[in-house]
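Observations on the model geometry
Chain by chain, the residues run as shown.
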Amino acid sequence: MSIIDEIFKLKKERDAVILAHNYQRGEVQDIADYTGDSLGLSQKAVDIEAKVIVFCGVDFMAESAAVLNPDKTVLNPKPEAKCPMAEMITADALRAFKKEHPGAATVCYVNSSAAVKAESDICCTSSNSIKVVNSLEQDEVIFVPDYNLAMYTQRFTAKKIYPWNGFCPTHHQITAGDVLVSRMEHPGAEVVVHPECRQEVIDLADGVYSTDGMLKYAKTTDKDLIIGTEVGIIHRLKKENPGRNFYPVSGYVVCPNMKMITLETVRDSLRDMRTPISVPEDIRIKAKNALDKMLAAGRGEK
Ligand code: SF4
(Lines give C-alpha, C1' and ligand atoms only; values in the text may rest on other atoms or scores of the structure.)
Protein backbone atom coordinates (compact mmCIF):
# COMPACT_ATOMS: atom_id res chain seq x y z
CA MET A 1 0.00 0.00 0.00
CA SER A 2 1.38 3.44 -0.86
CA ILE A 3 1.94 5.91 1.95
CA ILE A 4 -0.83 8.09 0.58
CA ASP A 5 -3.26 5.15 0.65
CA GLU A 6 -2.13 4.43 4.22
CA ILE A 7 -2.88 8.03 5.21
CA PHE A 8 -6.34 7.97 3.62
CA LYS A 9 -7.15 4.63 5.29
CA LEU A 10 -6.01 5.85 8.71
CA LYS A 11 -7.82 9.14 8.24
CA LYS A 12 -11.09 7.27 7.71
CA GLU A 13 -10.51 4.95 10.67
CA ARG A 14 -9.74 7.88 12.97
CA ASP A 15 -12.52 10.15 11.66
CA ALA A 16 -9.82 12.71 10.99
CA VAL A 17 -9.31 15.69 8.73
CA ILE A 18 -5.96 17.08 7.64
CA LEU A 19 -5.36 20.84 7.57
CA ALA A 20 -2.23 22.17 5.89
CA HIS A 21 -0.81 25.66 5.83
CA ASN A 22 0.06 27.21 2.46
CA TYR A 23 3.78 26.92 3.34
CA GLN A 24 3.74 23.13 3.75
CA ARG A 25 5.55 20.81 1.37
CA GLY A 26 3.61 20.29 -1.89
CA GLU A 27 2.99 16.60 -1.20
CA VAL A 28 1.56 17.41 2.24
CA GLN A 29 -0.71 20.10 0.75
CA ASP A 30 -1.88 17.55 -1.81
CA ILE A 31 -3.16 15.05 0.80
CA ALA A 32 -4.82 17.73 2.98
CA ASP A 33 -8.58 18.20 3.17
CA TYR A 34 -8.07 21.93 3.46
CA THR A 35 -5.15 24.23 2.76
CA GLY A 36 -5.07 27.86 3.76
CA ASP A 37 -3.61 30.64 5.85
CA SER A 38 -3.81 30.93 9.63
CA LEU A 39 -7.19 32.65 9.69
CA GLY A 40 -8.78 30.38 7.09
CA LEU A 41 -7.58 27.25 8.85
CA SER A 42 -8.66 28.58 12.27
CA GLN A 43 -12.15 29.15 10.91
CA LYS A 44 -12.16 25.76 9.24
CA ALA A 45 -11.13 24.08 12.50
CA VAL A 46 -14.27 25.47 14.16
CA ASP A 47 -16.59 24.23 11.41
CA ILE A 48 -15.13 20.74 11.16
CA GLU A 49 -17.23 17.88 12.49
CA ALA A 50 -14.52 15.20 12.50
CA LYS A 51 -13.22 13.93 15.84
CA VAL A 52 -9.55 14.39 15.00
CA ILE A 53 -7.72 17.31 13.37
CA VAL A 54 -4.20 16.72 12.06
CA PHE A 55 -2.67 20.18 11.81
CA CYS A 56 0.23 20.44 9.37
CA GLY A 57 1.90 23.73 10.18
CA VAL A 58 3.96 24.97 13.11
CA ASP A 59 3.25 24.62 16.82
CA PHE A 60 1.16 27.76 17.40
CA MET A 61 -1.27 26.76 14.65
CA ALA A 62 -2.05 23.36 16.17
CA GLU A 63 -2.30 25.08 19.55
CA SER A 64 -4.83 27.59 18.16
CA ALA A 65 -6.89 24.73 16.72
CA ALA A 66 -6.82 23.05 20.16
CA VAL A 67 -7.86 26.31 21.84
CA LEU A 68 -10.85 26.65 19.51
CA ASN A 69 -11.81 22.97 19.59
CA PRO A 70 -11.64 21.58 23.13
CA ASP A 71 -13.91 18.67 22.19
CA LYS A 72 -11.70 17.48 19.35
CA THR A 73 -8.33 15.80 19.38
CA VAL A 74 -5.79 18.02 17.65
CA LEU A 75 -2.65 16.22 16.54
CA ASN A 76 0.62 17.91 15.68
CA PRO A 77 2.65 15.50 13.51
CA LYS A 78 5.90 17.27 14.42
CA PRO A 79 5.88 19.22 17.70
CA GLU A 80 9.50 20.21 17.06
CA ALA A 81 8.24 22.41 14.18
CA LYS A 82 8.15 25.72 16.01
CA CYS A 83 7.80 29.29 14.79
CA PRO A 84 10.86 31.37 15.75
CA MET A 85 8.80 34.57 15.59
CA ALA A 86 6.27 33.19 18.09
CA GLU A 87 9.14 32.38 20.42
CA MET A 88 10.37 36.00 20.40
CA ILE A 89 7.85 37.00 23.05
CA THR A 90 6.65 35.37 26.27
CA ALA A 91 3.58 36.07 28.38
CA ASP A 92 5.83 37.58 31.09
CA ALA A 93 7.52 39.90 28.59
CA LEU A 94 4.14 40.99 27.23
CA ARG A 95 2.85 41.72 30.74
CA ALA A 96 5.89 43.96 31.33
CA PHE A 97 5.37 45.71 27.95
CA LYS A 98 1.72 46.35 28.81
CA LYS A 99 2.79 48.06 32.03
CA GLU A 100 4.86 50.49 29.92
CA HIS A 101 1.75 51.44 27.91
CA PRO A 102 -1.20 51.51 30.29
CA GLY A 103 -4.46 52.17 28.49
CA ALA A 104 -3.31 50.72 25.19
CA ALA A 105 -5.19 47.76 23.69
CA THR A 106 -3.13 44.65 22.99
CA VAL A 107 -3.28 43.04 19.55
CA CYS A 108 -1.49 39.80 19.06
CA TYR A 109 -0.65 38.32 15.68
CA VAL A 110 -1.75 34.68 15.61
CA ASN A 111 1.90 33.68 15.26
CA SER A 112 2.20 33.51 19.03
CA SER A 113 1.78 31.04 21.88
CA ALA A 114 -1.58 30.47 23.59
CA ALA A 115 -0.10 32.07 26.72
CA VAL A 116 0.65 35.28 24.79
CA LYS A 117 -2.79 35.23 23.16
CA ALA A 118 -4.28 34.86 26.64
CA GLU A 119 -2.59 38.15 27.62
CA SER A 120 -4.04 39.95 24.57
CA ASP A 121 -7.35 41.69 23.93
CA ILE A 122 -7.69 40.39 20.38
CA CYS A 123 -5.73 38.40 17.82
CA CYS A 124 -5.17 39.25 14.17
CA THR A 125 -3.67 37.66 11.09
CA SER A 126 -1.76 39.20 8.22
CA SER A 127 -5.03 39.48 6.29
CA ASN A 128 -7.07 41.32 8.91
CA SER A 129 -4.60 43.27 11.07
CA ILE A 130 -5.75 46.65 9.69
CA LYS A 131 -9.41 45.81 10.23
CA VAL A 132 -8.73 44.54 13.76
CA VAL A 133 -6.67 47.57 14.84
CA ASN A 134 -9.20 50.03 13.43
CA SER A 135 -12.04 48.20 15.18
CA LEU A 136 -10.61 48.99 18.62
CA GLU A 137 -11.92 51.75 20.87
CA GLN A 138 -8.47 52.67 22.19
CA ASP A 139 -6.27 55.16 20.34
CA GLU A 140 -3.08 53.36 21.36
CA VAL A 141 -2.31 49.76 20.47
CA ILE A 142 0.40 47.36 21.56
CA PHE A 143 1.14 45.04 18.63
CA VAL A 144 3.08 41.80 19.13
CA PRO A 145 5.18 39.97 18.09
CA ASP A 146 5.89 40.99 14.47
CA TYR A 147 7.49 44.42 14.03
CA ASN A 148 7.09 44.40 10.25
CA LEU A 149 3.36 43.60 10.33
CA ALA A 150 2.91 46.23 13.04
CA MET A 151 4.64 48.87 10.91
CA TYR A 152 2.70 47.87 7.81
CA THR A 153 -0.56 48.13 9.79
CA GLN A 154 0.53 51.55 11.11
CA ARG A 155 0.34 52.87 7.53
CA PHE A 156 -3.44 52.36 7.53
CA THR A 157 -4.48 53.64 10.93
CA ALA A 158 -4.45 56.92 12.86
CA LYS A 159 -3.91 54.97 16.08
CA LYS A 160 -0.50 54.92 17.68
CA ILE A 161 1.02 51.44 17.47
CA TYR A 162 3.68 50.25 19.92
CA PRO A 163 5.39 47.34 18.12
CA TRP A 164 7.26 44.43 19.65
CA ASN A 165 10.62 43.83 18.00
CA GLY A 166 9.95 40.29 16.73
CA PHE A 167 10.32 39.13 13.15
CA CYS A 168 10.00 36.14 10.88
CA PRO A 169 13.53 35.02 9.98
CA THR A 170 12.28 33.67 6.65
CA HIS A 171 10.59 36.88 5.45
CA HIS A 172 13.08 39.21 7.13
CA GLN A 173 15.90 37.93 4.94
CA ILE A 174 14.20 39.14 1.76
CA THR A 175 16.01 42.34 0.76
CA ALA A 176 15.25 45.31 -1.48
CA GLY A 177 18.08 43.97 -3.68
CA ASP A 178 16.21 40.69 -4.13
CA VAL A 179 13.18 42.59 -5.42
CA LEU A 180 15.25 44.72 -7.81
CA VAL A 181 17.19 41.74 -9.18
CA SER A 182 14.06 39.62 -9.64
CA ARG A 183 12.36 42.49 -11.48
CA MET A 184 15.33 42.60 -13.89
CA GLU A 185 15.22 38.81 -14.32
CA HIS A 186 11.48 38.77 -14.97
CA PRO A 187 10.53 42.01 -16.75
CA GLY A 188 6.78 42.55 -16.85
CA ALA A 189 6.12 40.43 -13.78
CA GLU A 190 4.43 42.03 -10.77
CA VAL A 191 5.94 41.75 -7.30
CA VAL A 192 3.61 40.69 -4.48
CA VAL A 193 4.97 40.40 -0.95
CA HIS A 194 3.79 39.37 2.50
CA PRO A 195 3.46 42.04 5.22
CA GLU A 196 6.01 40.15 7.35
CA CYS A 197 8.62 41.52 4.93
CA ARG A 198 10.86 44.50 5.77
CA GLN A 199 9.40 47.94 5.11
CA GLU A 200 11.84 48.67 2.25
CA VAL A 201 10.71 45.47 0.52
CA ILE A 202 7.06 46.44 0.96
CA ASP A 203 7.83 49.88 -0.50
CA LEU A 204 9.14 48.28 -3.70
CA ALA A 205 6.26 45.82 -4.16
CA ASP A 206 3.26 46.18 -6.44
CA GLY A 207 1.00 44.54 -3.86
CA VAL A 208 1.07 43.37 -0.24
CA TYR A 209 -1.01 40.31 0.60
CA SER A 210 -1.45 37.47 3.05
CA THR A 211 -0.97 34.06 1.47
CA ASP A 212 -4.69 33.63 0.81
CA GLY A 213 -4.72 37.20 -0.49
CA MET A 214 -1.99 36.28 -2.99
CA LEU A 215 -3.96 33.23 -4.12
CA LYS A 216 -7.02 35.40 -4.72
CA TYR A 217 -5.04 38.15 -6.44
CA ALA A 218 -3.41 35.64 -8.79
CA LYS A 219 -6.84 34.81 -10.20
CA THR A 220 -7.55 38.45 -11.03
CA THR A 221 -4.49 39.07 -13.21
CA ASP A 222 -2.87 37.42 -16.23
CA LYS A 223 0.55 38.76 -15.30
CA ASP A 224 3.43 36.63 -14.10
CA LEU A 225 4.04 37.14 -10.39
CA ILE A 226 7.22 37.40 -8.34
CA ILE A 227 6.34 35.96 -4.95
CA GLY A 228 7.73 37.55 -1.79
CA THR A 229 6.76 34.95 0.75
CA GLU A 230 7.63 31.38 1.72
CA VAL A 231 8.09 29.30 -1.42
CA GLY A 232 5.54 26.64 -0.38
CA ILE A 233 2.74 28.80 -1.71
CA ILE A 234 4.07 28.51 -5.26
CA HIS A 235 2.92 24.88 -5.34
CA ARG A 236 -0.69 25.96 -4.84
CA LEU A 237 -0.41 28.99 -7.12
CA LYS A 238 0.78 26.77 -9.98
CA LYS A 239 -1.84 24.12 -9.25
CA GLU A 240 -4.67 26.66 -9.29
CA ASN A 241 -3.32 28.63 -12.25
CA PRO A 242 -1.90 26.13 -14.76
CA GLY A 243 0.37 27.56 -17.42
CA ARG A 244 1.14 30.71 -15.42
CA ASN A 245 4.58 31.71 -14.15
CA PHE A 246 5.28 32.32 -10.46
CA TYR A 247 8.84 33.12 -9.42
CA PRO A 248 10.22 33.15 -5.88
CA VAL A 249 11.73 36.56 -5.10
CA SER A 250 14.85 34.70 -4.06
CA GLY A 251 15.95 31.10 -3.75
CA TYR A 252 16.18 31.06 0.01
CA VAL A 253 12.72 32.07 1.23
CA VAL A 254 12.18 28.70 2.86
CA CYS A 255 10.88 28.22 6.40
CA PRO A 256 12.73 25.14 7.66
CA ASN A 257 10.16 24.69 10.42
CA MET A 258 7.27 24.48 7.97
CA LYS A 259 9.15 21.81 6.02
CA MET A 260 9.59 19.48 9.00
CA ILE A 261 6.25 17.78 8.38
CA THR A 262 6.40 15.03 5.76
CA LEU A 263 4.01 12.36 4.51
CA GLU A 264 5.74 9.94 6.91
CA THR A 265 5.13 12.15 9.96
CA VAL A 266 1.47 12.62 8.94
CA ARG A 267 1.05 8.85 8.56
CA ASP A 268 2.75 8.16 11.91
CA SER A 269 0.69 10.85 13.59
CA LEU A 270 -2.57 9.23 12.48
CA ARG A 271 -1.35 5.71 13.21
CA ASP A 272 -0.07 6.46 16.72
CA MET A 273 -2.38 9.40 17.54
CA ARG A 274 0.55 11.65 18.24
CA THR A 275 1.16 14.29 19.32
CA PRO A 276 -2.09 15.46 20.94
CA ILE A 277 -2.05 19.14 21.86
CA SER A 278 -3.51 20.32 25.13
CA VAL A 279 -3.61 23.82 26.57
CA PRO A 280 -4.21 24.55 30.28
CA GLU A 281 -7.90 25.47 30.65
CA ASP A 282 -7.35 28.91 32.20
CA ILE A 283 -5.05 29.91 29.33
CA ARG A 284 -7.27 28.24 26.75
CA ILE A 285 -10.35 30.25 27.77
CA LYS A 286 -8.52 33.58 27.65
CA ALA A 287 -6.76 32.74 24.37
CA LYS A 288 -10.08 31.61 22.87
CA ASN A 289 -11.60 34.93 23.81
CA ALA A 290 -8.89 36.77 21.83
CA LEU A 291 -9.28 34.39 18.87
CA ASP A 292 -13.10 34.56 18.95
CA LYS A 293 -12.96 38.34 18.80
CA MET A 294 -10.70 38.07 15.76
CA LEU A 295 -13.00 35.55 14.06
CA ALA A 296 -15.95 37.88 14.74
CA ALA A 297 -14.01 40.76 13.15
CA GLY A 298 -13.73 38.53 10.06
CA ARG A 299 -11.43 38.40 7.13
CA GLY A 300 -9.70 41.61 6.28
CA GLU A 301 -9.04 43.49 3.12
CA LYS A 302 -6.10 41.41 1.94
S1 SF4 B 1 7.43 31.46 7.86
FE2 SF4 B 1 8.09 32.76 9.56
S3 SF4 B 1 6.26 33.25 10.70
FE4 SF4 B 1 5.80 31.47 9.40
S5 SF4 B 1 6.24 29.69 10.70
FE6 SF4 B 1 8.11 30.12 9.53
S7 SF4 B 1 9.29 31.45 10.91
FE8 SF4 B 1 7.18 31.47 11.70
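Residues numbered from 1 in each chain as written. Predicted model: local features only at pLDDT ≥ 70, side-chain atom pairs only at ≥ 80, totals over all residues.

Here's the deal with the overall build of the chain
Formally: Secondary structure follows DSSP: runs of H or I at least 4 residues long count as helices, runs of E at least 2 residues long count as strands, and numbering of each begins at the N terminus. Throughout, the radius of gyration refers to the C-alpha atoms, and the reference size of a globule is 2.2 Å times the residue count to the power 0.38. Residues with at least 20 neighbouring C-beta atoms inside 10 Å of their own are called buried, those with 12 or fewer are called exposed, and the rest are partly exposed, where every C-beta is derived from the backbone. For the purpose of contact definition, each residue receives a C-beta atom placed from its backbone, and two residues are in contact when these atoms lie within 7 Å.
What the chain contains, in helices and strands, is 15 helices and twelve strands. Here the C-alpha atoms of the chain give a radius of gyration of 19 Å, agreeing with the 19 Å that 2.2 N^0.38 yields for 302 residues. Along the first, second and third principal axes, the C-alpha set of the chain runs to 55 × 50 × 30 Å. Going through the 302 residues of the chain one by one, you find that 49% of them count as buried. Across the chain, contacts joining residues at least 24 apart in sequence account for 65% of those joining residues at least 6 apart.

So, the environment of Val17
Here Val17 shows up in strand β1 (residues 16-21). Its 20 C-beta neighbours within 10 Å are what place Val17 among the buried residues. When the C-alpha positions of Val17 and Ala158 are compared, they lie 42 Å apart, and in sequence the two are 141 residues distant. Those residues in contact with Val17 that sit more than four places away from it in its chain are Asp33, Ile48, Ala50 and Ile53.

As for the sheet that holds strand β8 (residues 160-163)
Operational definition: Paired strands, in this sense, are two strands between which DSSP finds at least two bridges. Axis geometry follows a simple rule: fit a line to the C-alpha atoms, using only the stretch in contact for helices, then measure angles between N-to-C directions, giving values from 0 to 180 degrees.
The four strands are arranged β6-β5-β7-β8 in an open sheet whose pairing can be described as parallel. The strands lining the two open edges of the sheet, one partner per strand, are β6 (122-124) and β8. Neighbour to neighbour, the strand axes of the sheet diverge by 30° on average, direction disregarded. Of the strand pairs in this sheet, strand β7 (residues 140-144) and β8 are connected by four bridges, and their pairing is parallel. By the bridge assignment for β8, Glu140 is matched with Lys160.

A word on the site of the ligand
Applicable threshold: Contact assignment follows one rule, namely that a residue is near a molecule or strand if its backbone-placed C-beta atom lies within 6 Å of it. For this scheme, ten residues count as nonpolar: Ala, Val, Leu, Ile, Met, Phe, Trp, Tyr, Cys and Pro. Four count as charged, namely Asp, Glu, Lys and Arg, and the remainder, Gly too, count as polar.
The immediate surroundings of the ligand are formed by 13 residues, with Val58, Cys83, Cys168, Thr170 and Cys255 found nearest. The residue makeup of the shell around the ligand, split by class, is nine nonpolar, three polar and one charged.

Digging into the domain arrangement of the chain
Basically, it comes down to this: Residue ranges assigned to each domain were obtained from an automatic or database domain assignment.
By domain assignment, the chain separates into domain 1 (3-82 + 258-278), domain 2 (86-168 + 282-297) and domain 3 (170-248). Listed by contribution, the elements that provide at least two residues to the side of domain 1 that touches domain 3 are α2 (26-31) and β2 (34-36). Tallied by class, residues from the side of domain 1 that touches domain 3 come to two nonpolar, seven polar and two charged.

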